[in-house]
Amino acid sequence: MSKTLDQTRINQFKKNLSNCVNVKRKTFYNKDLILSYSPIKKKIGFITYGKANIVKTDSNGNTTIMRDLKENDIFSNLFFQETEDEIYIISNEETEVIFIDYYTILKNCNKTCPFHNKLVLTLFDLLILDNKQQNEKIELLSKRTVEEKILFFLKQRMNENHIFKVTTSYKAIAEYLFVDRSNLMRELKRMEEKGIIEKHEKTIKINL
């Protein structure tokens, strides 16, 4: 499975979701709490527009951005592991979320909707992708050096020509990699000097 689903399939999912399942739409604004970990309430959220972060705060108050979320991304506390750390999702800007009750969507559609099975399949494909992205973050954290983290990050996102398109700020990339921006830029320069990468203003080519 690729890292994204076909846009037509996503559009059909959006259209049929409200017609087929009891869902709740809610709009959040910058720095609003969207969802926190709960071992009891199993919720699934689908972002129709906006941006958010999955954030972890440990017992010492250290905060880490675990993952960025954007339009058409799905998230759920189904896969949050029980931990002493606080895990929550917070909006970065005005963001609309469709909330789906996990147990409700597994039931047969009361409207005998012909699209229900397709909707459920799409939902689970999205959840699988979400779980893969979380596993990617775990693997990233296992990398010992900044160079290893950068290469892993770039290889997961490069195109068929081994080119990564920079569509966000280097500050955001540094936060995702758990390094300082200055450290990231210094390491990128060193990797460029070694011929590992070719860095341009909006692209980075990986020389494998």
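The model shown is predicted, which means the values in this text are computed figures rather than measured ones. (Residues numbered from 1 in each chain as written. Predicted model: local features only at pLDDT ≥ 70, side-chain atom pairs only at ≥ 80, totals over all residues. Heavy atoms only, no water.)

So, on to the pairing of strand 3 (residues 43–49). With 5 of 7 residues buried, strand 3 lies mostly within the body of the structure. The pairing of strand 3 with strand 8 (residues 95–101) spans 6 bridges and is classified as antiparallel. What sits directly across from Tyr49, in strand 8, is Glu96. (Buried < 20%, exposed > 50% of the residue type's maximum accessible area, 1.4 Å probe, protein only. Helix = DSSP H or I, 4+ residues; strand = E, 2+ residues; numbered from the N terminus. Pairing = 2+ DSSP bridges.)

So, about empty space enclosed by the protein. Counting across every chain of the model gives 1 cavity of 30 Å³ or more. Each pocket or cavity is described by its volume, and for the largest cavity that value is around 50 Å³. Surrounding the largest cavity, Ile150, Phe153, Leu154, Phe164, Tyr170, Ile173, Leu177, Leu184, Leu188 and Ile204 form its lining. At the level of elements, helix 4 (146–157), helix 5 (170–177) and helix 6 (181–193) are the ones that each hand at least two residues to the lining of the largest cavity. Class assignment for the residues of the lining of the largest cavity results in 10 nonpolar, no polar and no charged. (1 Å grid on protein atoms, 1.4 Å probe; cavity = no way out; pocket = protein on both sides within 12 Å on 5 of 7 lines; lining within 4 Å. Points joined across faces, edges and corners; volume = space filled by probe spheres on them. Nonpolar A, V, L, I, M, F, W, Y, C, P; charged D, E, K, R; others polar.)

Turning our attention to the layout of surface pockets. Put simply, the largest pocket is a space of about 1,300 Å³. Those elements that provide at least two residues to the lining of the largest pocket are helix 1 (7–20), strand 4 (52–57), strand 5 (63–69), helix 3 (116–142), helix 4, strand 9 (163–165) and helix 5. Looking at the lining of the largest pocket, its residues break down into 14 nonpolar, 11 polar and 13 charged.

What the rule picks out here adds up to 6 salt bridges. Its salt-bridge partner being Lys171, residue Glu175 comes within 2.7 Å of it at the nearest N-O pair. Taken together, the residues Glu175 and Lys171, both in helix 5 and 4 residues apart, mark about one turn of the helix. For Glu187, the salt bridge goes to Arg190, with nearest N and O atoms at 2.4 Å. Of this pair, Glu187 and Arg190 both sit in helix 6, 3 residues apart, which is roughly one turn of the helix. If you follow the salt bridges from partner to partner, you end up with Glu147, Glu187, Arg190 and Lys194 in one network. (Salt bridge = Lys/Arg side-chain N within 4 Å of Asp/Glu carboxyl O.)

Let us look at the packing of aromatic side chains. Under the definition given, this model contains 3 aromatic pairs. A centroid spacing of 6.1 Å and a plane angle of 80 degrees characterise the contact between Phe28 and Phe99, whose relative ring orientation is edge-to-face. On the criterion of sequence distance, the pair formed by Phe28 in strand 1 (residues 23–28) and Phe99 in strand 8 is long-range, its members being 71 residues apart. Side by side, Phe28 and Phe99 carry an identical accessibility label, which is buried. Look at Phe153 and Tyr176: their rings are 5.6 Å apart centre to centre, the planes differ by 55 degrees, and that puts the pair in the tilted class. A residue pair is termed long-range when its members are at least 10 positions apart, and Phe153 in helix 4 and Tyr176 in helix 5 qualify at 23 residues. Judged on exposure class, the residue Phe153 and its partner Tyr176 are both buried. Taken together, the ring pairs in this structure connect Phe153, Phe164 and Tyr176 into an aromatic cluster. (Phe/Tyr/Trp six-rings, centres within 6.5 Å; stacked < 30°, edge-to-face > 60°.)

Keep in mind that these numbers describe shape and distance, not what the molecule does.
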